[in-house]
Amino acid sequence: MDAWAHEAMTWLVEMRAARLLGYRLKIGLVVIIIMVLGFFNESQGTAHYGEDSVGSFPYFEYNVPRNVTTVVGQTAFLHCRVEQLGDKAVSWIRKRDLHILTAGILTYTSDQRFQVIRPDKSENWTLQIKFPQERDAGIYECQVNTEPKMSLAFQLNVVEAKAKVLGPADLYVKTGSLLSLTCILSQGPHDLGTIFWYKGSKLIEYKELEANEVAEEPRIRLRTEWTEQLTSRLTIEKLLPTDSGNYSCVPTMAEAASVNVHVINGEHPAAMQHGNANTASPCALSVNLVISLYCTLATMYTSTVDGFR
């Protein structure tokens, strides 16, 4: 009887231990499930910068130009788009000196060329820089005051576009010949407008003939075209002495260039546009004559000295 009682007590103890272990396992499993669900919910609220987050955290739209080139004096725009901004604020920072340019829609610099443009209820926060100079080139950051802070860098390039008239600064052409001037503009972005030509302070006007219009061929022609650069060609036929003057190539978005044109009746010591490139100037001829004379005298002197010896 004592053996049976002992076995019974042992069975009861084992059952209680098994039940207690089962309870502990169930409690542990519940705790693990709660922890997993809590981690999942927390991860849903974490900001995935640069991705379409389903949470409430802001993120940047990367499909915007971030390397922007403009020319001196042409207004520059840096477009920053922030989705799901909520109660956060957007600021623009100049990287080189960490100067806060704008915060929200307010400007925090005394330089009035800087301004943020943000249409009502828009995700776009555009930094506008009026009359940019070469010193304004550099990195600008669009920042959002999350924790940790979000930022997106933009590179601004400011170039000084200058027109160039091919050939010498002073051009001599004969009366009755053809004048051809070519102006090129290769720096900066392709949105450089067009080119105008001036003689002195007067705009050179020309007329394009219609398809069915019968008229005398125009003496002055202009042609502007894009290839890898902006090129404008001015041609004037049957030159007259009155065509002499300063001709300027004036782009709408770049510094102008000019050339002085001299219409003459005969030859001129300077290079002619249609002259012979091998023709030497009187100055060059005089130098050559002096050198030849010196060589001749030196030879005669050497021969005379050798004769006396």
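Since we're looking at a predicted model, the values are computed, not measured.

Engineer: In this structure, what is going on with the state of the cysteines? I would like to understand it.
Structural biologist: Between two cysteines, a covalent bond joining their sulfur atoms is known as a disulfide. Per the stated rule, a full pass over the model turns up 2 disulfides. Here Cys80 engages in a disulfide with Cys142; their sulfurs sit 2.1 Å apart. Given an S-S torsion of about -80°, the disulfide between Cys80 and Cys142 has left-handed geometry. Of the two residues, Cys80 sits in strand β3 (residues 76-83) while Cys142 sits in strand β9 (residues 138-144), which places them 62 residues apart along the sequence. The side chain of Cys183 participates in a disulfide bridge whose partner is Cys249; the two sulfur atoms lie 1.8 Å from each other. Negative torsions about the S-S bond denote left-handed disulfides, and the value of about -65° found for Cys183 with Cys249 makes this one left-handed. Within this pair, whereas Cys183 is found in strand β13 (residues 179-185), its partner Cys249 is found in strand β18 (residues 245-251), the two being separated by 66 residues in sequence. What connects to what in the protein chain, once the bonded cysteines are numbered by sequence position, is 1-2, 3-4.

Engineer: What is the right way to look at the environment of Val158 in this model?
Structural biologist: For Val158, the location among the structural elements is in strand β10 (residues 150-159). Residues Val158 and Ala76, spaced 82 residues apart in sequence, show a C-alpha to C-alpha distance of 8.9 Å. Apart from the residues lying within four places of it in its own chain, the contact partners of Val158 are Thr70, Val71, Val72, Pro132, Gln133, Glu134, Asp136 and Ala137.

Engineer: Help me out: how do you make sense of a nonpolar patch on the surface in this one?
Structural biologist: A cluster of nonpolar residues, Ile100, Ile105, Leu106 and Tyr108, forms a patch on the protein surface that exposes about 430 Å² of accessible area. Looking at the element boundaries, Leu106 is found in strand β6 (residues 106-107). On the basis of relative accessibility, which here comes to 49%, the residue Leu106 falls in the partly exposed class.

Engineer: Please explain the environment of Trp92 as it appears in this structure.
Structural biologist: Take Trp92: it is sitting in strand β4 (residues 90-94). Residue class for Trp92 comes out buried when judged on its relative accessible area of 1%. In this structure the C-alpha to C-alpha distance between Trp92 and Val144, which are 52 residues apart in sequence, comes to 9.1 Å.

Engineer: Please explain the sheet that holds strand β17 (residues 230-236) as it appears in this structure.
Structural biologist: Each strand in a sheet pairs with another by means of backbone hydrogen bonds, the pair being arranged parallel or else antiparallel. Taken together, the 4 strands give an open sheet; going across it, the order is β11-β13-β17-β16, and neighbouring strands pair in antiparallel fashion. A single partner strand is all that each edge strand has here, and the edge strands are β11 (164-165) and β16 (220-226). With 2 bridges connecting them, β11 and β13 associate as antiparallel partners. Across the sheet, the residue bridging to Val165 is Cys183, located in β13.

Engineer: How should I be thinking about the pattern of salt bridges in this particular structure?
Structural biologist: Proximity of charged atoms lets side chains of opposite charge pair with each other. Counted by the stated rule, this structure contains 9 salt bridges. Ionic pairing is found between Arg94 and Asp97, a salt bridge with its closest N-O pair at 3.0 Å. Bridged by salt links that share partners, the residues Arg81, Glu83 and Glu123 form one connected network.

The rules behind the values
Residues numbered from 1 in each chain as written. Predicted model: local features only at pLDDT ≥ 70, side-chain atom pairs only at ≥ 80, totals over all residues. Heavy atoms only, no water. Disulfide = S-S within 2.5 Å. Helix = DSSP H or I, 4+ residues; strand = E, 2+ residues; numbered from the N terminus. Contact = heavy atoms within 4.5 Å. Patch = residues over 30% accessible without salt bridge, like charges linked within 9 Å, V, L, I, M, F, W, Y side chains within 5 Å. Areas by Shrake-Rupley, 256 points an atom, 1.4 Å probe, with all protein chains shown as cover. Salt bridge = Lys/Arg side-chain N within 4 Å of Asp/Glu carboxyl O. Buried < 20%, exposed > 50% of the residue type's maximum accessible area, 1.4 Å probe, protein only. Pairing = 2+ DSSP bridges.

Purely geometric numbers; function is a separate question.
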